[in-house]
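Inside the fold
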Amino acid sequence: MIRLFFILLITTTLFSSQVQRYRWANGDTYLVFLEKLNLPMRSLYYNLDKDDQRLTEEMRAGIHYQILRDDNKTITQILLPLNDELQIHIYKKGDIYKFEPIPIISTTKTEAFATKIVSSPNYTIMKETGSRKLAQIFTANFRNSLNFKNDIRKGDDLVMIYEQKYRLGQIFSMPILKVAMIEMRHKQHYIYLNDDSRYYDEKGHEVEGFLLARPVRGARISSYFTKRRYHPVLHKWKAHLGIDYAARRGTPIVAAGSGRITYAARMGSYGNLIKIRHADGYETRYAHLKSFRRGIRKGKYVKKGQTIGYVGTTGRSTGPHLHFELRKRGRAINPLRVVQVTTKKLKGKEYKAFIKLKKNYDESVALHLKNQTKYPKRAKFADMCYIHSMSCDTDG
Ligand SMILES: [Zn+2]
């Protein structure tokens with residue numbers, strides 16, 4: 001690990017004179033970006049396939065990207081991070097500029113802390129860690145199962161164990177909550193992340209979230225969310241920023257959560273598309289619809305579970321299915337990480353496996369509680385990850 005870090009340091013020094021870091025401005029689009037830098041739009045956009053073109057729409061204001069220039073100030077490489085896992089790599093090969101999505105390299109650490117409630121869990125976690133994300137994942141997952149307003153007492157215990165991604169010493173991406181415990185009226189309440197990526201309480205009952213797990217009842221998942229996936233035929237990195245539910249044409253689609261419809265019309269490769277805005281900056285998208293339900297239009301408020309449209313295969317689609325996306329403040333996130341329903345109750349083998357996992361988690365929670373584990377202190381490193389990738393991913 002130390003050696004790796006050392007190599008990266010050297011690499012950074014070598015390249016630091018030519019690599020420059022910029023911030024993606026508000027309102028900038030990928031095409032404007034190419035135009036500003038005098039880069040060829042044909043090879044870097046118009047000749048790309050639809051999936052790669054759609055990736056270029058994922059750039060967000062505030063994201064830091066890097067440009068590498070040679071001694072003549074000619075651009076030789078650009079790295080545009082799209083999400084926690086994938087980045088666009090633009091590079092010069094001879095006289096030609098090429099486009100490729102490549103993975104971002106990161107490490108994952110399991111971390112934990114124990115603290116005493118000062119007021120709301122949200123405030124307590126913010127005070128202890130300074131991390132809005134940790135506060136968010138805690139409250140989002142306990143939200144519908146506990147009443148924080150009436151049952152919180154000052155001095156009660158709170159423990160969180162979670163996974164955090166790092167890129168050269170710097171935190172990035174949403175942490176993944178593994179287990180959380182909150183004491184309320186002398187009773188400890190737990191949620192556990194099971195091997196099936198859903199959260200359960202002590203009894204193996206699934207915890208209810210604010211969104212439904214499946215916007216199409218009884219549908220089978222035919223394609224999972226992935227921010228990077230190596231395509232075996234195309235031999236390149238692709239992303240699938242939603243979940244596909246295979247279902248028969250005409251099957252009703254329900255709103256995954258209550259909210260306001262912000263879009264209900266055709267949109268390019270999405271086909272017939274509905275977008276719903278929910279609380280806390282969440283948005284869900286439903287694509288390839290055969291048709292909209294009568295009365296479903298922009299501006300209308302819909303309730304969780306209400307039918308909004310019907311499964312179809314409009315837009316860029318190979319067969320009837322619902323392409324479902326969940327976005328948080330514009331960024332695509334994995335719905336299965338956020339969405340839970342009450343219905344599932346673990347039984348038999350699954351329950352036995354859960355109890356085993358629970359036992360391990362309970363032991364760690366008890367240990368952190370006993371030691372009053374502090375939230376880990378973090379060093380401030382420069383953001384060198386992309387630069388590192390730049391120096392080692394030049395061969396395409
Ligand atoms: Zn899809």
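About the criteria used
Residues numbered from 1 in each chain as written. Predicted model: local features only at pLDDT ≥ 70, side-chain atom pairs only at ≥ 80, totals over all residues. Heavy atoms only, no water. Donors = N, O, S within 2.8 Å, 3.2 Å for Na, K, Ca; no water. Helix = DSSP H or I, 4+ residues; strand = E, 2+ residues; numbered from the N terminus. Buried < 20%, exposed > 50% of the residue type's maximum accessible area, 1.4 Å probe, protein only. Pairing = 2+ DSSP bridges. Phe/Tyr/Trp six-rings, centres within 6.5 Å; stacked < 30°, edge-to-face > 60°. Lys NZ or Arg CZ within 6 Å of the ring centre and 35° of its normal. Polar contact = N/O pair within 3.5 Å; in protein donor to acceptor, adjacent residues only side chain to side chain. Core = buried A, V, L, I, M, F, W, Y, C linked by side-chain atoms within 4.5 Å. Contact = heavy atoms within 4.5 Å. Axes fitted to C-alpha atoms, helices over the stretch in contact; angles between N-to-C directions.

**Points about the coordination of the zinc ion**
- At this site the zinc ion is bound by His240 (NE2), Asp244 (OD) and His323 (ND1), with donor distances of 1.9 to 2.2 Å.
- Sequence positions of the donors to the zinc ion reduce to the motif H-x3-D-x78-H. Taken together, the residues histidine 240 in strand β13 (residues 236-240) and histidine 323 in strand β22 (residues 321-328) connect sequence positions 83 residues apart. For the pair histidine 240 and histidine 323, one class covers both residues: buried.

**Let's talk about the sheet that holds strand β19 (residues 291-292)**
- Spatially, the 3 strands line up as an open sheet ordered β15-β21-β19, and their pairing is antiparallel. What marks the edges here is a single partner per strand, and that holds for β15 (252-254) and β19.
- The pairing of β19 with strand β21 (residues 307-310) spans 2 bridges and is classified as antiparallel. Residue phenylalanine 292 lies in a different strand from β21, and its bridge partner there is glycine 309.

**With respect to the packing of aromatic side chains**
- Tallied over the entire structure, the rule returns 16 aromatic pairs.
- The interplanar angle of 65° and the centroid separation of 6.4 Å between the aromatic rings of phenylalanine 113 and tyrosine 162 together place this pair among those described as edge-to-face. Of this pair, phenylalanine 113 sits in strand β6 (residues 107-116) while tyrosine 162 sits in strand β7 (residues 157-167), and the two are 49 residues apart along the sequence. Taken individually, phenylalanine 113 and tyrosine 162 each receive the classification buried, so the pair is uniform in this respect.
- Relative to tyrosine 361, the ring of tyrosine 192 has its centre 6.2 Å away and its plane inclined at 25°; by these criteria the two rings are stacked. In this pair, tyrosine 192 sits in strand β9 (residues 187-193) while tyrosine 361 sits in helix α9 (residues 348-371), placing the two residues 169 residues apart along the sequence. Tyrosine 361 matches tyrosine 192 in its accessibility class, with the two residues each being buried.
- Against the face of tyrosine 270 rests arginine 54, its NZ or CZ located 4.3 Å from the ring centre.
- Lying over the aromatic face of tyrosine 263, lysine 275 brings its terminal NZ or CZ to 5.5 Å of the ring centre.

**Quick word on the side chain of threonine 129**
- Position of threonine 129 among the secondary structure elements: in helix α5 (residues 121-129).
- A relative accessible area of 12% places threonine 129 in the buried class.
- A polar side-chain atom of threonine 129 sits 2.8 Å from the main-chain carbonyl oxygen of isoleucine 125.
- Polar side-chain contacts of threonine 129 include one of 2.9 Å to the backbone nitrogen of serine 131.

**Quick word on unusual backbone geometry**
- Phi at histidine 288 is positive, roughly 70°, even though this residue is not glycine.
- With respect to the helices, strands and loops of the structure, histidine 288 is situated in strand β18 (residues 282-289).
- Residue classification places histidine 288 among the buried residues on the basis of a relative accessible area of 5%.
- With a phi close to 45°, arginine 329 is a non-glycine residue in the positive phi region.
- Relative to the helices and strands, arginine 329 is located in the loop between β22 and β23 (331-333).
- Arginine 329 sits in the exposed class, given a relative accessible area of 57%.

**Points about the nonpolar core**
- If you look at the biggest cluster of nonpolar residues, it comprises 46 residues, and the most contacted ones within it are Tyr30, Leu80, Ile90, Tyr286 and Ile308.
- With sequence-adjacent residues up to four places away left out, isoleucine 90 is seen in contact with Tyr30, Leu34, Leu44, Thr76, Gln77, Ile78, Leu80, Tyr97 and Lys98.
- Counting residues in hydrophobic clusters, the runner-up holds 23 residues, among them Phe142, Phe148, Met160 and Leu193.

**A word on the sheet that holds strand β5 (residues 96-103)**
- Here we have 5 strands laid out as an open sheet, ordered β1-β2-β3-β4-β5, and antiparallel in their pairing. Pairing within the sheet leaves two strands with one partner each, and these edge strands are β1 (19-23) and β5. Pairs of neighbouring strands in the sheet enclose a mean axial angle of 20°, with direction left out of account.

On their own, these measurements won't tell you what the molecule is for.
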